[in-house]
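Below are the chains, spelled out letter by letter.
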Amino acid sequence: MDRKGAQPPGISPSPEISMASSNLPKGKQTTSSPSQDNNEASAEPDAPDYDVSPPPQITAASSNLLDANQTPHAPPQENAEMPLKAKDSKSSRAVRDSSCTAKAEQMAKSLKGPEEASPKSKKKTAQQKMTQFVQLFKPKPTPDTLPEDNEMSGAVGGSTGTATVEQTSKASGSSEVASPTVKPKKKRQVPLDFKQKLKQNCLAEASQQLLEQEDGLFRSESAKVVRTEDEEKLKMDYETLESRIWMVVRKSLNGMNQETLESAVTAILQEEEQDQRWKEAAGKGCPSWRPMKYREMHDMLLQKVVKNRMQQVDEEEHGPETLKREVCQMSNLIQNDMFQVVTNVQGCYPPEFDICNVYAQLYHQVFSAKLRQLPRHNIPIEECIFILKQVSNYSNNVLHHEKLESHIDSEALEPLLPAEDLKLLEEQYLSYKENKVNTWLSNILKLEEESGKMNKTTENTDRHLCSPALDVKQIVDEAMKEAMVLLSNRDKAQRILYLLPNFLTGYKKSIEELLKNQQNITEILKAHLFGIKELRDYIEERDNLPDDVKAAWLSTAADIRDSCHKYFLSCIHNNLKVTYSKLWTPDWILQHHEIIQELEDQLNQNIRPLKDLNSACLQELLSQLHFEVMIEYVRRMLKRKLKLKNKDEQETAAGFLCEDSFRINTLFIENGSDKRWLCEILPKVSEVLKEQDSDTLELEICALLKDHPDLTEQQVHSILQLRSNISCADKRMIKECYHQSKTNINNSDPAPPFFCRVPQSCSLNVYSCFCICPFSDMNGKLQCKNSCHSVGASSPV
């Protein structure tokens, strides 16, 4: 009954058949419908129905395999249109299919189940199960074999990442398949070894790694015996690390990376701590290279670095000029290197290193040694100035530079030169400078005397620049500044300033000789006024001068100024002499307005030619003129050429006195006078003139005396003599009040001296009653002219 192609019972059809049928195109695939089975049976009636359903174990295995496969792939659709590349590679796909079929057949043979089903259900179930197995072992679809219209996503396995097929937008209607996007995996960081750390300049980490190896070899309890090869390797690594650290330190002034330098310094500190730990362990099991003394070696290396940098100067030639050039180059190099230390190097070191002072000390020692190679005894003044200049530049540009001074302890440094040598050099320079300045000042005075004898005026339109005092100020000031820079000591440089007294004395004599010839010297004196004003201001600005010395110098300068003022003011007073004579006369009462107006006009006329003076000089001159005009006015009043007989005349005179005071003071203040206190004098005197009550009169005199303690008894008498209606008894009371007030004066802020500057026309004897003309009686006693009482003796003023 066996037919061709029939299979023995219990054997399922070959997977190749199912695989082939599943891969056939639509319309050509083998279907498992009942009609088709009947047709086949009718064609071959003798063919039995074999049970092809797999045993239950197959279902369990397939489910386990499905669970094991974490990324199942969906089978391609039946009617899916294959890509062109997939159609062209049918042969390669057949090979893969046959391989999968063989695997499925082997799995089916190994799995047998005890249960059996009906032929039809077995056949249908067998096809379904076989389809699952075929799809399970079917090759995974690739981007080349995926249908263009399929919407699917899958993962492509690999060591580099996962590929994801992204679906194109349905709204656009595109059927293209996007290229897969690969998501790289993060690489696992592998710890760097010793050489790699050195290559990346991680010196602190490399040092820590060696320290851990050292502790493992020599400190571990299990490592009782150290292998020679391990110890030698560790020793060589330490030598490599050491050479790298010293290379970084050596280049630290050349702009080395700060992170690398900081890492090197940290490594030094770690090694120092390790030395200390081995020291505390009393050397038990200590390796042969301990202690390493990195800190000590670091300081020695810095010393070599500084020495080598200082030797990088021009050494091609030898001689004095070469040595001086080397000194200059060293000075500039020290400044630049210290800037580098403060800016870039200091931050890489911990404070305990005190790295700025370490470098400053090293540079200071090398520069001092080079500077002491220069000759310092019996040398020309040029060489002396050069040495002093180098010492000064080093002090100003390095030790006391604004950016370096706070980082350098200059007091801890030794002097660049021995104190004795430096003192000799300073004395040589000061003597030279004093002689030179003194020669210049003498020449200026000689030129001034010659020009005064020849009565020459300057043709320079700016007369302020023609005064010898200006030249002296400039010469002395520049010489002092130069000395201060070279000596770095203000007190020593001030020796040059003490040449001024001799010049002032000679200058004063020169002005006096000039004033003897009073022809055409107005413009010359204006120039002298400006020059002496500048020189006086210069002396006042010298704060370090002793007070008595400054006062003496200013007094001499003021005498020179007053001599010049006298020339101008004497001319003005001569022009005002006629008008002065009309003050406090009977005509002054009758023609007061005309006389005071005439005085104002003449003052303005004489002030006008002085307007071209320097403003400060003009103010001083007009203030002095203001003071002298007021003095002359009071002097004319006290001459008693006017008698005020009654109250009306006294009140009228007091009113005129206040008016004159206002007009005169206003004129001078508007022209620049600074003596405003003169405005208060005459109004107070007017109160004495018009007061009729004797008690109130005493109070007014006391108030005047309190404000002007220089008011004399004779001046009080002269004021009272202007009034004819005051009795002798009132005069005696006023005298007693004057003496009592003079004794009890306690004014903390009196006015400047005024009445003491009023000249007295004659010397008078003032008696107890202030009477001027006493006479002798028959007994020889002095009697008052008014016969009020006898006077025993006179009291000279």
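Rules behind the numbers
- Residues numbered from 1 in each chain as written.
- Predicted model: local features only at pLDDT ≥ 70, side-chain atom pairs only at ≥ 80, totals over all residues.
- Heavy atoms only, no water.
- Phe/Tyr/Trp six-rings, centres within 6.5 Å; stacked < 30°, edge-to-face > 60°.
- Helix = DSSP H or I, 4+ residues; strand = E, 2+ residues; numbered from the N terminus.
- Buried < 20%, exposed > 50% of the residue type's maximum accessible area, 1.4 Å probe, protein only.
- Salt bridge = Lys/Arg side-chain N within 4 Å of Asp/Glu carboxyl O.
- pLDDT = per-residue confidence, 0-100.
- Contact = heavy atoms within 4.5 Å.
- Core = buried A, V, L, I, M, F, W, Y, C linked by side-chain atoms within 4.5 Å.
- Expected span 1.5 Å × (residues − 1).
- Arc of directions from axis to C-beta.

Novice: I tried to follow the packing of aromatic side chains on my own but got confused; where do I start?
Specialist: To describe a pair of aromatic rings, you give the distance between the ring centres and the angle between the ring planes. Applying the stated criterion to the full structure yields 14 aromatic pairs. Between Y498 and W553, the ring centres sit 5.4 Å apart and the planes meet at 80 degrees, which makes this aromatic pair edge-to-face. Separated by 55 residues along the polypeptide, Y498 in the loop between helix 17 (490–493) and helix 18 (500–516) and W553 in helix 20 (residues 547–575) bring together distant segments of the chain. On the basis of relative accessible area, Y498 is assigned to the partly exposed category, the value being 37%. Under the relative-accessibility criterion, W553 is labelled buried at 6%.

Novice: How do you make sense of the pattern of salt bridges when you look at a structure like this?
Specialist: Two side chains that carry opposite charge are able to pair once their charged atoms sit near each other. Under the counting rule described, the total for this entry stands at 31 salt bridges. One salt bridge in this structure joins D337 and R309, with 2.8 Å as the shortest N-O distance. With a gap of 28 residues between them, D337 in helix 12 (residues 320–345) and R309 in helix 11 (residues 294–310) connect regions that are remote in the sequence. An identical accessibility class is assigned to D337 and R309; each is buried. Close ionic contact of K516 with E513 constitutes a salt bridge, the shortest N to O distance being 3.4 Å. One end of the pair, K516, and the other, E513, are both in helix 18, 3 residues apart, so they sit about a helical turn from each other.

Novice: Where do I start with the confidence of the model for the protein in this structure?
Specialist: The predicted coordinates of low-pLDDT regions are not to be read in fine detail. When pLDDT is averaged across the protein, the result is 76; 67% of the residues are at 70 or more. The element-level mean pLDDT for the protein is lowest in strand 8 (residues 795–796), coming to 34, with helix 23 (residues 592–607) highest at 96. Confidence over residues 1–91 falls short of pLDDT 50; this stretch has 91 contacts with residues more than four positions distant or in other chains. For residues 763–783, every residue scores under 50 in pLDDT, and the model assigns this stretch 56 contacts once sequence neighbours within four places are set aside.

Novice: What's the story with the nonpolar core in this structure? I'm lost.
Specialist: I245, Y359, W584 and F754 are the most contacted members of the largest nonpolar core, which has 168 residues in total. Apart from residues lying up to four places away in sequence, F754 is in contact with F627, M630, I631, V634, W677, L678, I681 and D710.

Novice: Would you mind showing me how to read helix 23 here?
Specialist: Two residues of an α-helix separated by three or four positions point the same way, owing to the 3.6 residues in each turn. Between the first and last C-alpha of helix 23 there are 23 Å, a value that for 16 residues agrees with the 22 Å anticipated at 1.5 Å per step. Residues of helix 23 that are buried include every one of H592, I595, I596, L599, E600, Q602, L603, N606 and I607, and no others. In an axial view of helix 23, the angular spread of the buried residues amounts to 165 degrees, which keeps them on one side of the axis. Buried residues along helix 23 sit against helix 20, helix 21 (577–581), helix 22 (586–590), helix 24 (615–637) and helix 25 (647–670).

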